[in-house]
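Here's the letter readout for the chains.
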Amino acid sequence: MALLPILCYPDPKLHTVARPVVVVDARIKTLIADMFETMYDAKGIGLAATQVNAHERLIVMDISEGRDVPLVLINPNILWASPEMHLNEEGCLSVPGIYDGVKRHDAVKVEALDGDGRSHLIEADGLLAVCIQHEMDHLIGKVFVEYLSPLKRNRIKTKMIKAQREDRP
């Protein structure tokens, strides 16, 4: 397993639309393992392949307190979303240190393949529903800050660019 570099906003690669995974083979299984290692190391609860510059429809997540309930979604598709929505405080490994409110559906029903390529159905609410929607946005090239006002988004962009400059030698 290997730690993968996480793309940081406003990197234009974060706006790449991911292509479907054609076959769940050894390469995809290695990517899944590397993504879990990267996500756990970064103290995140979800990570989309887009965030590690692998533009395939693949998400890993683990919202459990013990960090021992890994979930893999390959080629996820939302079949149903509740009409009820709430504002949730979100953060993102690609926008470190930034948190803000985003309105999401309270519950979703998602069809996806698991890490072995088997189809499964997930009915999610609460944090899991929010996490799924957030990560699925990455697969269509959308970062959570795009839900914010242009003023907030520009402030975040400026802050992120400044932080990236300061990190360079």
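Everything numeric in this text was worked out from a predicted model, so none of it was measured.

Parameters at a glance
- Residues numbered from 1 in each chain as written.
- Predicted model: local features only at pLDDT ≥ 70, side-chain atom pairs only at ≥ 80, totals over all residues.
- Heavy atoms only, no water.
- Helix = DSSP H or I, 4+ residues; strand = E, 2+ residues; numbered from the N terminus.
- Phe/Tyr/Trp six-rings, centres within 6.5 Å; stacked < 30°, edge-to-face > 60°.
- Buried < 20%, exposed > 50% of the residue type's maximum accessible area, 1.4 Å probe, protein only.
- Lys NZ or Arg CZ within 6 Å of the ring centre and 35° of its normal.
- Pairing = 2+ DSSP bridges.
- Axes fitted to C-alpha atoms, helices over the stretch in contact; angles between N-to-C directions.
- Contact = heavy atoms within 4.5 Å.

On to unusual backbone geometry. The residue after Tyr9, namely Pro10, is reached through a cis peptide bond having omega 10°. Within the fold, Pro10 resides in the segment before α1 (26-41). One non-glycine residue, Lys43, adopts positive backbone phi at about 65°. Tracing the backbone shows Lys43 in the loop between α1 and β1 (46-48).

Below, the discussion takes up the packing of aromatic side chains. A complete count under the given rule lists one aromatic pair for this structure. On the basis of an interplanar angle of 20° and a centroid distance of 5.8 Å, the ring pair of Phe36 and Tyr40 is categorised as stacked. Note that Phe36 and Tyr40 are positioned in helix α1 at a spacing of four residues, about one turn of the helix. Accessibility expressed as a relative area gives 27% for Tyr40, which makes it partly exposed. Sitting above the plane of the Tyr147 ring, Lys142 keeps its charged end 4.0 Å from the centroid.

Read across the open sheet, the five strands follow the order β1-β2-β3-β6-β7; overall the sheet is antiparallel. Single-partner strands in this sheet number two, and they are β1 and β7 (119-125). The sheet shows a mean angle of 40° between the axes of neighbouring strands, direction not considered. By the bridge criterion, seven bridges tie strand β6 (residues 107-113) to β7 in an arrangement that is antiparallel. Bridging from a neighbouring strand, Val108 pairs with Ala124 of β7. Contacts from helix α2 (residues 126-139) reach β1, β2 (58-61), β3 (71-81), β6 and β7, with the element oriented near 120° to β7.

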